[in-house]
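# A look at the structure
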Amino acid sequence: MEAEVLNQDEAAFSRYGGDYVEEPTPRSPPERQKSLQIPSKPEKDPNMANWDGPDDPENPQNWSTPYKWFLTLICMLLCLNVTFASSAPSSVSLRIQAQFHISNEVSDLITTVFLIGYCFGPLIWGPGSELIGRRKIFIVAMILYTIFHLGQALAKNIETLLVTRFISGFFACAPLTNSGGVIADIWDPERRGLAVSMFTASVFMGPVLGPIVSGFIAESSATWRWVFWVMMIFAGACTLTLFFLPETYAPVLLARKAERLRKQDPHKYEHIYAEHERQDWSFGGIMKRTILRPFHMLFMEPILVLVTVYLSLVYGLLYALFQAIPVIFIKVKGFTISQTGLIFIGVGIGTTVGSAINIWTSRRYPALIKKWKGFPPPENRLISAMIGSPILVIGCFWLGWTGQYASVSWYVPAISTIFIGVGISSIFMSFLSYLVDTYLMYSASALAANTIVRSGVAAAFPLFTVQMFTNLGINWACTLIGLIMLVFVPAPFLFYRFGPKIREKSKFAPCIDLFIAKELAAQEKQQKEKQETGSQLMV
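Residues numbered from 1 in each chain as written. Predicted model: local features only at pLDDT ≥ 70, side-chain atom pairs only at ≥ 80, totals over all residues. Heavy atoms only, no water.

## Examining the overall build of the chain
For the record, the criterion: In this text, helices come from DSSP runs of H or I with a minimum length of four residues, and strands from runs of E with a minimum of two, each type numbered from the N-terminal end. In what follows, residue pairs with any heavy atoms lying within 4.5 Å of each other are defined as contacts. Note on areas: Shrake-Rupley, 1.4 Å probe, and residue coverage restricted to the protein chains presented here. Only four residue types enter the charge count: Lys and Arg as positive, Asp and Glu as negative, with His and the chain ends excluded. Taken as the charge centre is NZ of Lys, CZ of Arg, CG of Asp or CD of Glu, depending on the residue.
In terms of helices and strands, the chain carries 21 helices and zero strands. By principal-axis analysis of the C-alpha atoms, the chain measures approximately 80 × 70 × 40 Å. When contacts within the chain are restricted to residue pairs at least 6 apart in sequence, long-range pairs at least 24 apart make up 83% of them. Summed over its atoms, the accessible surface of the chain is roughly 23500 Å², and 66% of this surface lies on carbon and sulfur atoms. The averaged location of the 38 negative side-chain charges in the chain is 5 Å from the averaged location of its 44 positive side-chain charges.

The following block contains the structure:
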């Protein structure tokens, strides 16, 4: 029975990636055995469209390595662009305040409403990519995202600016939602780690570049509107790269293949179909697995809850830096806006180092994949978080207690931003990979829930960061943040130790590695028995 469940879960993950449409198999042995006794369709239906063997060139997994890297770079560029847009206006907020006669709190909404758009976007772009494919979603979202920069650059009042920023954020999250799916579509698990590390680095590099570029525009003779014109030009250039991005989602490609065969010879291929065509694409079916399932998982899965809370706070800290660093380096250290923007280079260096740490900790993953038949224990992904979580706490305390005093040279708190960047990047890469490996074919729903909550928390941080740093003082504000992060330092260690037991009770975690562990233990026991038998015969 366990072997049958294992084969079903492996097949579902290999076919759908993280976008599996069916509900999970019951976890308890009695319920599972009962569910397996229900007659099911044969595993291989001759009328169901499939790849023409393991080397089919239409299968994205079989594309050449240079081409895969080319597509990965396109995804990285798109995510760099949309995350750049999230933080770029922060350096011209004073000019916008003067133009529209608004308060600091209202100007902070320019970043907040963009991130609120990130909360709603995954509910549309995730299921949209399942229905019509990833490429069409990319094209539609990026074109509209680019166009709505016009409303920001030409805004006559703050209301227009905020509304168009929200709409831009709604469309901008499409690359963030679907780029990970593209990488999963084209890379096998053995080589996916490097691609994911580089992709995640680009996601963090975007917010870092935003204040650097806009800081120099803010101090130039150009108007603040040029920040949005630059954002639009960058977005338009990135959108053009989509002409080189093919469809990569396997179920959609197989549906197109079935349609092509039916047109080619209506009589011979009359009964050919694609599994994707027979899924429940009704409004209720889509709502159930794209909106209800993520929140159902969020309320029922303790692993997802704790990881989401931790990553939400870490993500919020990243956007809090866009408000906190000007308080430290303009008010205390006497920097200009452009000089303050350069401080974010430290965060960029840190996130790059964090990516390197993740690559280094994943160096033995190919061997684990072979040993565990493609599904090693997810807890192996937590090594980077074990390194990054204490480093993040150190960075927070370092920034606060060296940034508080004008007598401390500027480069001392600036160096601390490298440690913060390392912590943020390594924690994110580690835990997001952990969620994917834990929930496998349900990982898209887990990541959607995580993204919605995470973006909502990050949207709130800019609204109180300046007040917190002003009223508590830089030192105690950073101490408060550091203590909160300190509470979560044991999280990766606890998951590494107790994760298998928690996953075993989960409804959505397939736990394929636990089945394989039993097989490996049985094989090892048989080998020992053979050796003992052989030794007795020799005697």
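## Topic: the UniProt feature "domain: Major facilitator superfamily (MFS) profile" (unreviewed entry) in the chain
The criterion, for reference: UniProt positions are given in the numbering used here, feature names are shortened, and annotations may be inferred rather than shown by experiment.
Per the UniProt record, "domain: Major facilitator superfamily (MFS) profile" (unreviewed entry) is annotated on residues 67-503. Counting secondary structure, residues 67-503 comes out at 81% helix and 0% strand; the distance between its end C-alpha atoms is 36 Å.

## Overview of the packing of helix α13 (residues 302-332) against helix α19 (residues 474-487)
Stated precisely, the cut-off is as follows: Comment: axis = line fitted to C-alpha atoms, over the contacting stretch for helices; angle = value between 0 and 180 degrees taken between N-to-C directions. Any angle from 65 to 115 degrees is called roughly perpendicular, while one under 35 is roughly parallel, one over 145 is roughly antiparallel, and all others are oblique. In this scheme the handedness of a crossing depends on how the near helix is turned from the far one: anticlockwise by less than a right angle means left-handed, clockwise means right-handed. All residues other than Ala, Val, Leu, Ile, Met, Phe, Trp, Tyr, Cys, Pro, Asp, Glu, Lys and Arg, Gly among them, are scored as polar; the first ten of these are nonpolar and the last four charged.
At a minimum axis distance of 12 Å, the contact between α13 and α19 shows a crossing angle of 165°. In terms of axis orientation, α13 runs roughly antiparallel to α19. Crossing hand, α13 versus α19: left-handed. Of the residues in α19, those in contact with Y310, L313, V314, L317, V327, I328 and V332 of α13 are I474, I481, I484 and M485. Residue composition of the contact of α13 with α19, by class: eleven nonpolar, no polar and no charged.

## Concerning the packing of aromatic side chains
Put simply, the rule is: Stacked, tilted and edge-to-face are the three classes assigned to paired rings of Phe, Tyr and Trp, where Trp is represented by its six-membered ring and a pair needs centres within 6.5 Å; plane angles under 30 degrees give stacked, over 60 edge-to-face, the rest tilted. With a 1.4 Å probe rolled over the protein chains alone, any residue whose accessible area is under 20% of its type maximum counts as buried; one over 50% counts as exposed, and the rest are partly exposed.
Applying the stated criterion to the full structure yields 29 aromatic pairs. Between Y315 and Y319, the aromatic rings sit 5.3 Å apart at their centres with planes inclined by 75°, giving edge-to-face as the arrangement. One end of the pair, Y315, and the other, Y319, are both in helix α13, four residues apart, so they sit about a helical turn from each other. You can call Y315 buried: its relative accessible area is 6%.

## Concerning the side chain of H149
With respect to the helices, strands and loops of the structure, H149 is situated in helix α7 (residues 149-153). The class of H149 is buried, set by a relative accessible area of 0%.

## Regarding unusual backbone geometry
Outside of glycine, negative phi angles account for most residues, and trans bonds account for most peptide bonds. Although it is not a glycine, H101 adopts a positive phi angle of roughly 55°. Inspection of the secondary structure assignment puts H101 in the loop between α4 (93-100) and α5 (104-132). Within the chain, C511 stands out as a residue other than glycine whose phi angle is a positive 60°. Mapped onto the secondary structure, C511 falls in the loop between α20 (490-504) and α21 (512-538).

## Some words on the nonpolar core
What counts is decided by this rule: For this analysis, a nonpolar core means a set of buried residues of the types Ala, Val, Leu, Ile, Met, Phe, Trp, Tyr and Cys, connected via side-chain atoms within 4.5 Å.
One finds I96, Y145, L392, F431, Y439 and F469 to be the most contacted residues of the largest nonpolar core, which totals 123 residues. Non-local contacts of I96, meaning those with residues more than four positions away in its chain, are made with H101, I102, I110, I158, L161, W224 and F228. The next biggest cluster of nonpolar side chains, apart from the first, holds seven residues, and it includes A49, A255, A258 and A274.

## Section: a nonpolar patch on the surface
What counts, and what does not: Nonpolar side chains (Val, Leu, Ile, Met, Phe, Trp, Tyr) are joined into patches within 5 Å and like charges within 9 Å, using only residues with over 30% relative accessible area and no salt bridge. Salt bridge, as used here: a side-chain nitrogen of Lys or Arg that lies within 4 Å of a carboxyl oxygen of Asp or Glu.
On the surface, W401, Y405, L472, W476, L480 and I484 cluster together to form a nonpolar patch covering roughly 560 Å² of accessible area. A total of three residues in the nonpolar patch trace back to one element, the largest contributor, which is α19.

## Overview of the packing of helix α9 (residues 189-218) against helix α14 (residues 337-361)
Contact geometry of α9 with α14 gives a least axis separation of 8 Å together with a crossing angle of 175°. Classed by the angle they form, the pair α9 and α14 counts as roughly antiparallel.

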